[in-house]
Amino acid sequence: MEKRIGIVFLAGLFLFVCLAGPAGAEKNFVIGFSQATTTEPWRLLFNKELRQEADRHPEITLIVRDGTDDAAKQAADVEEFIKMKADAILISPKVAAALTPAVNRAFDAGIPVFVLDRDLINDRYTQFIGGDNKLIGRTAGEYAVKYLGGPGKAAGNVVEIWGGSASTPAQDRHSGFHEIIDREPGIKMLTKPNDGDWKQDKGYEIMAEALDQNEKIDLVYAHNDPMAYGAYMAAKDSGREKNIAFLGIDGIPEEGIKWVHEGILTATFLYKTPGDEGIRQAFHLLKGGKIEKRVTLPTMTVDKNNAEKILRDNGIIK
Ligand code: FRU
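Residues numbered from 1 in each chain as written. Predicted model: local features only at pLDDT ≥ 70, side-chain atom pairs only at ≥ 80, totals over all residues. Heavy atoms only, no water.

(A) Structural context of the site of the ligand. Taken together, Glu40, Trp42, Arg43, Asp117, Arg118, Pro169, Arg173, Trp198, Asn224, Asp250 and Tyr271 make up the full set of residues adjacent to the ligand. Between the ligand and Arg43, the relevant distance is 2.6 Å, taken from an oxygen atom to a side-chain nitrogen or oxygen of the residue. Side-chain polar atom of Arg118 to an oxygen atom of the ligand: 2.6 Å apart, as the coordinates give it. Among the secondary structure elements, those contributing two or more residues to the shell around the ligand are α2 (41-55) and α6 (168-181). The residue makeup of the shell around the ligand, split by class, is four nonpolar, one polar and six charged. Mapping the shell around the ligand onto the domain boundaries places at least three of its residues in each of domain 1 (27-131 + 273-298) and domain 2 (133-272 + 304-313). (Near = heavy atom within 4 Å. Polar contact = N/O pair within 3.5 Å; in protein donor to acceptor, adjacent residues only side chain to side chain. Helix = DSSP H or I, 4+ residues; strand = E, 2+ residues; numbered from the N terminus. Nonpolar A, V, L, I, M, F, W, Y, C, P; charged D, E, K, R; others polar. Domains from an automatic or database assignment.)

(B) Up close: the domain arrangement of the protein. Taken domain by domain, the protein comprises domain 1 (27-131 + 273-298) and domain 2 (133-272 + 304-313). Each of domain 1 and domain 2 was reduced to a C-alpha centroid, and the two centroids are 29 Å apart. Of the residues lining the interface, 20 residues belong to domain 1; the matching set on domain 2 comes to 14 residues. Counting each side, the surface lost to burial between domain 1 and domain 2 is near 1,400 Å², with a carbon and sulfur contribution of 52%. Per-residue buried area on domain 1 facing domain 2 is highest for Trp42, Arg118 and Gly131; these three make up 32% of the total on that side. Inspection of the region where domain 1 meets domain 2 yields five salt bridges. (Contact = heavy atoms within 4.5 Å. Buried area = accessible area lost by both parts, 1.4 Å probe. Salt bridge = Lys/Arg side-chain N within 4 Å of Asp/Glu carboxyl O.)

(C) Spotlight on the pattern of salt bridges. Taken as a whole and judged by the stated rule, the model has 24 salt bridges. With a closest N to O distance of 2.9 Å, Glu53 and Arg56 form a salt bridge. The class of Glu53 is buried, set by a relative accessible area of 7%. Taking relative accessible area as the criterion, Arg56 reaches 57% and is therefore assigned exposed. Residue Asp197 pairs with Lys94 through a salt bridge whose shortest N-O separation is 2.6 Å. On the criterion of sequence distance, the pair formed by Asp197 in the loop between β7 (187-189) and α7 (200-213) and Lys94 in the loop between β3 (88-91) and α4 (100-108) is long-range, its members being 103 residues apart. Grouping residues by exposure puts Asp197 and Lys94 together as buried. Residues joined in a network through salt bridges with shared partners are Glu49, Glu53, Arg56, Lys272, Asp276, Glu277 and Arg280. (Buried < 20%, exposed > 50% of the residue type's maximum accessible area, 1.4 Å probe, protein only.)

In structure tokens form, the structure reads like this:
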């Protein structure tokens, strides 16, 4: 009997040491990350940057769940993190409205919640980190106006391919762009609001329809690079890609910037992933630091003037 008690005691002690770590070691933090999808290269880069940053801190135990482009699945992933009493939750929500309740529940349960890249319909969370999509939309609008002849003189027919229309980046990329181009009476929009769901094949379909219905298209503004590429492929398949400018957003070196360098896209606008910054901010808070309500990531324009240099700097071309 005594021997059994001794064994139980030792086993308990072993478990305690494992969980608490050696005396003086840092506390262990469980961080749950709910990703919207992993179907686009931008999402894979996002996960990679997030994991790399988490790996720098042995105190962090990171659990990553893929929402598989399904808001209900993603809400269930957040509920799972609440149940396991994660120390912090990071989420990049597929859509705004359908994911707001789950995030609010986590926040109300006292768990710090970091909303990354796509925003919600209220700000009952700890912090938002992402690019300024309105600014990106306006920058793309200014680029389009310049390309089509300059302010006051711009003329041309434009196709816009939306990302997921229920997400804030698509809404902001749309409204920012229109803030600028709607001042130009010579610019005609050929498309009504649509939903390309950020996917290359949907970009292809929307463009194929626009090509069918319009003899003259001068510029395509797609809310991300994969859809701009899909639109380019549709134009190429009907032999009309040469006289059309394609603008995208994201600016991943191996993807959008390479396409700019190859002359497929005219320009792309950098949309940095919030993966590494998300972990940095969460870790800082968990260690007792103070953080801001919003962190805005920078952007830049990439076109034929700087694409080659960026590819060289990233070791993608020699
Ligand atoms: C990836 C993505 C990016 C885009 C971002 C917007 O899923 O579509 O291409 O910039 O999401 O949230």
